[in-house]
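Listed below are the residues making up each chain.
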Amino acid sequence: MEKILLSSNLYSHPGIPLEDHLIGVAELSDLFLSEKPSEIRERLKSICRIIALTHDIGKATRYFQDYLNANEKEKEKLKKNKETWHSLFSSVCAYYLTKELSLSDEIYPVFAFLAIRRHHGNLRDVRDDVLFDNNDAELLHKQLESIVDESFSILSSRIQNAGLPLLLNKQIISQWINGFARELRQIKKFLRNINNTISNYITLNLIYSILLDADKSQVVVKDKTVFNRKELNSADWVNSYKKKTNFPESPLNVLRKKAYYETLSHDIDSNKKIYSLNLPTGLGKTLTSLSFSLRLKEMIRTKNGVEPRIIYALPFLSIIDQNSEVFESVIKANNIELNTSILLKHHHLSEVFYKKADDEFESAEAKILIEGWNSEIIVTTFIQFFHTLISNKNKSIRKFHRLVNSIIILDEVQSIPVKYWLLLRNILMTFSEMLNAYIIFVTATEPLIFERGETVGLLNKDYYYKALDRVTMKLLLNSPMTVNNLSEFFDLSGKKTYLFIFNTITSAKDFYNLVKKKEITVTYLSTHLIPKERLKRIKEIKEKKYKVVVTTQLIEAGVDVDFDIVVRDIAPLDSINQASGRCNRNGIGKGEIYIVKLVNENGRKYASYIYDAVLLDITERILSAREEIKEGEFLDLINHYYKETREKKTQDVSRNLLEAITKLRYDSEDRSISISNFKLIEEDYPKIDVFIEVNEEARKIWREFVGLRDIDNLFLRKKTFDAIKAEFYQYVISIPMNTKNMPQAIVGEIRYVKQTLLNDYYDVETGFITKDTKSVVIW
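Read on for an overview of the structure. (Residues numbered from 1 in each chain as written. Predicted model: local features only at pLDDT ≥ 70, side-chain atom pairs only at ≥ 80, totals over all residues. Heavy atoms only, no water.)

## Considering the packing of helix H5 (residues 87-99) against helix H8 (residues 134-146)
Here comes step 1: At a minimum axis separation of 10 Å, H5 and H8 run at an interaxial angle of 90°. The pairing of H5 with H8 is recorded here as roughly perpendicular in orientation. The residues of H8 that touch H5, namely those facing Leu88, Phe89 and Val92, are Asp136, Leu140, Gln143 and Leu144.
Here comes step 2: In terms of residue class, the contact of H5 with H8 is made up of five nonpolar, one polar and one charged. (Axes fitted to C-alpha atoms, helices over the stretch in contact; angles between N-to-C directions. Helix = DSSP H or I, 4+ residues; strand = E, 2+ residues; numbered from the N terminus. Parallel < 35°, antiparallel > 145°, perpendicular 65-115°, else oblique. Contact = heavy atoms within 4.5 Å. Nonpolar A, V, L, I, M, F, W, Y, C, P; charged D, E, K, R; others polar.)

Take a look at the structure:
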């Protein structure tokens, strides 16, 4: 006869018994750890189980149970009462229980305390979190006394059977509370003398991440079998796809094929963790990097018995769909049913949809599964990846544990700001060794982030650069031009197609308005246009619908467009090289790239408004002695540029952040540099989002958004917004807070331009109307 388990009648969430939640989180923690390398599993299994089984034990208090049973209005009042809070109580229990394990490293009880202390918020400076005074002790004793003895006895028995090292009772916990101030004095001393290494940061993030993911997933996801992974025999996926796809014979395809097979034939040393795939634009880096990663995935699974995920990160949203479509084609060509558990796109505008086999998940479950990177191949942004790796935020760190035992492809790595080179070098090297992660840098212009010998080159990059002669770069830098000069410089009446890339929206818009007067097909791209329109125009550009395209830099990196002639306003050399990749990609005939120096009416370079003066100076000095540069010379020039850049650009920002990381200073209340200061993309000015009601479809979505105000339940309101979020942000642009043409209508934090006022704020050709006539618009 099956044994009937007694219930404590305590609850963690509405309808979820506390013991069931704690044990469920422990089981998910075990599952997540089972995917990690054996050394990590053995080291952290007992610690993570204690953390999981105690992280919400403070919810056993009468105060929390009363809060849970209160109506919404009463909950708002009770939420502010310290007696209702549970994290400190739970973290003290976890600290002492982890000490019971008698671990060789004294840091683990402290990490258990910190992970639970902040599992409902963000991490702070650890030295600010190890504070405990008489008021805290009195509060914990008050909470302890409020717990019903019989209920706690049943709860304690259940979680001891699930893996706690001892049976908890109120007397033991009371003794712990009495002694905790003394313990903290030792902890503070220990933290002052701790070995300041990146490894402590990585270990704490891993422990914290597993707790966060298991906690959120246990509450929201009903069917836990969704976390069970399917073994995929994927090593030959790309080869199978290539056999089924017609690639016409051409000199360029011969080079692509050679680069592909040279990469795949490279011996893999499992002890080497960082690789480089450095190829000129248009030589098939996406397919080649995917195929190498799938081969590496098979090797790791065979050797370690664990299935690595592949995380493919790109710098820009504009190329996520493009590259994801390549992956979709490869998967479908292998007769694999495509669903979210195999291929996942994740960024801040992702559709909240998750499907595994025949099961589609509710939006709340889908959101948890997507944001937790529950997929075999994840295509995401640099923002998502690097802010998972370096962050103090709960939401970002939650998926940190997915980086363990993963294969990470970083495409277009030249987009990483120079000031972060040292930071990323140090953290990626430590992280890859500690957590058995493999990193593949993919680029046409590889920055000098690593020292010679620290990465493994997958092919002979010099050969491929010198074998190409698709384009010639022509330098027109000796005589600065105005936008008017430029509009008259080129004869656009012939058969050739032109791409003009500008540094500011002002110069791009002015040039477009001049060119559109000519009898040619022309279009315009910038962030002033709503995303839906931008994507539509990029699709039309790929379909060759326009003779002339006028754009800002948003088209540079990775967007597969092709023109006979590219004209680029002066920029750092890596940006110029990216622009050259939009010219004659397929090597048909000979393409031309013109580099010009555009100035405004006051003679100031437009480039100076957005680019670092040192990088511009290095570029101009390298290019100044030349009139023409052949494609075969590009690699030597870019290497020269990066060498000078590393010598002349300071790494002080990296050093300050590395110090914060080694000291576990996640956030700071004073002006000390902390981990929270890391921003991959710096915003030079505050912005506000504006919804542009360009058509009836936008109007319908806006009405749905406004209707959210009528939903009192916060959870239901978020869930309803998640269902329309992807569509909603297709009509949203960001504008500076100080713009002179600020729309007046506002709902929440979103400004609104309705259809009847469209002509005052939005031009269907060039986007938002700035009315900042006396200043250069760069956003």
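Now, onward.
## Some words on a negative patch on the surface
Here comes step 1: On the surface, a cluster of negative charge is contributed by Asp223, Glu337, Asp358, Asp359 and Glu360.
Here comes step 2: With respect to the helices and strands, the residue Asp358 is situated in the loop between strand E6 (355-356) and strand E7 (359-360). (Patch = residues over 30% accessible without salt bridge, like charges linked within 9 Å, V, L, I, M, F, W, Y side chains within 5 Å. Areas by Shrake-Rupley, 256 points an atom, 1.4 Å probe, with all protein chains shown as cover. Salt bridge = Lys/Arg side-chain N within 4 Å of Asp/Glu carboxyl O. Lys, Arg positive; Asp, Glu negative; His and termini not counted. Charge placed at Lys NZ, Arg CZ, Asp CG, Glu CD.)

## Quick notes on the nonpolar core
Here comes step 1: Core analysis: the biggest nonpolar cluster contains 206 residues, and Phe386, Leu389, Ile390, Leu410 and Phe431 have the highest contact counts within it.
Here comes step 2: The next biggest cluster of nonpolar side chains, apart from the first, holds 54 residues, and it includes Leu349, Tyr606, Phe728 and Tyr761. (Core = buried A, V, L, I, M, F, W, Y, C linked by side-chain atoms within 4.5 Å. Buried < 20%, exposed > 50% of the residue type's maximum accessible area, 1.4 Å probe, protein only.)

## With respect to the side chain of Thr662
Here comes step 1: Within the element layout of this structure, Thr662 appears in helix H27 (residues 652-662).
Here comes step 2: A distance of 3.0 Å separates the side chain of Thr662 from the backbone oxygen of Glu659, its partner in a polar contact.
Here comes step 3: Leaving out residues up to four positions away in the same chain, Thr662 has contacts with Asn196, Thr197 and Ile198. (Polar contact = N/O pair within 3.5 Å; in protein donor to acceptor, adjacent residues only side chain to side chain.)

## Considering helix H26 (residues 634-648)
Here comes step 1: Between its terminal C-alpha atoms H26 stretches 21 Å, which fits the 21 Å expected from 15 residues at 1.5 Å a residue.
Here comes step 2: For H26, the set of buried residues is Phe634, Leu635, Leu637, Ile638, Tyr641, Tyr642, Glu644 and Thr645. (Expected span 1.5 Å × (residues − 1).)

## Re the pairing of strand E20 (residues 732-736)
Put simply, side chains in a regular strand alternate between the two faces of the sheet.
Here comes step 1: Most of E20 is tucked away: four of the five residues are buried.
Here comes step 2: Bridge count between strand E19 (residues 687-692) and E20: five bridges; the pairing is antiparallel. Bridged to Ile688 within E20 is Ile735. (Pairing = 2+ DSSP bridges.)

## Re a positive patch on the surface
Here comes step 1: Where like charges cluster on the molecular surface, the positive patch consists of Arg182, Arg185, Lys188, Lys189 and Arg192.
Here comes step 2: Within the secondary structure layout, Arg192 lies in helix H10 (residues 170-193).

## Topic: helix H28 (residues 696-706)
What sets the pattern is the α-helix's 3.6 residues per turn: residues three or four places apart point alike.
Here comes step 1: For H28, the full list of buried residues reads Ala698, Ile701, Trp702 and Phe705. Seen end-on, H28 carries its buried residues on one side only, within an arc spanning 105°. Exposed residues on H28 whose side chains face more than 90 degrees from its buried face are Lys700 and Arg703.
Here comes step 2: The residue sitting at the N-terminus of H28 and contributing the capping side-chain oxygen is Asn695; that oxygen lies 3.2 Å from the backbone nitrogen of Glu697. (Arc of directions from axis to C-beta.)

## A word on the state of the cysteines
Here comes step 1: For the coordinates displayed, the defined rule picks out zero disulfides.
Here comes step 2: Here Cys48 stays unpaired: no disulfide links it, and the sulfur of Cys93, its closest cysteine neighbor, is 18 Å away. (Disulfide = S-S within 2.5 Å.)

## A short note on the environment of Ala571
Here comes step 1: Mapped onto the elements of the fold, Ala571 is located in the loop between strand E16 (565-569) and helix H24 (573-580).
Here comes step 2: Its relative accessible area of 0% is what places Ala571 among the buried residues.
Here comes step 3: Those residues within four positions of Ala571 in sequence are excluded, and the remaining contacts are Asn503, Ile576, Tyr611, Leu616 and Thr619.

## What about the sheet that holds E20?
Here comes step 1: As summarised here, the arrangement of the four strands in space is E20-E19-E22-E21, forming an open sheet in which the pairing is mixed. Single-partner strands in this sheet number two, and they are E20 and strand E21 (745-747). On average, each strand axis in the sheet is tilted by 40° relative to the strand beside it, whichever way the strands run.
Here comes step 2: Two elements, E21 and strand E22 (residues 750-753), share three bridges in a ladder whose sense is antiparallel. For Val747, the partnering residue across the bridge sits in E22 and is Ile750.
Here comes step 3: This element, H28, spans E19, E21 and E22 of the sheet and lies at about 125° to E19.

## Here we look at the sheet that holds strand E17 (residues 591-598)
Here comes step 1: Taken in spatial order, the seven strands of this open sheet run E14-E15-E13-E16-E17-E12-E18, and their pairing is mixed. The two strands at the open ends of the sheet, each matched to only one other strand, are strand E14 (522-525) and strand E18 (628-630). The sheet shows a mean angle of 15° between the axes of neighbouring strands, direction not considered.
Here comes step 2: Here seven bridges tie strand E12 (residues 471-481) to E17, and the two strands are oriented parallel to one another.

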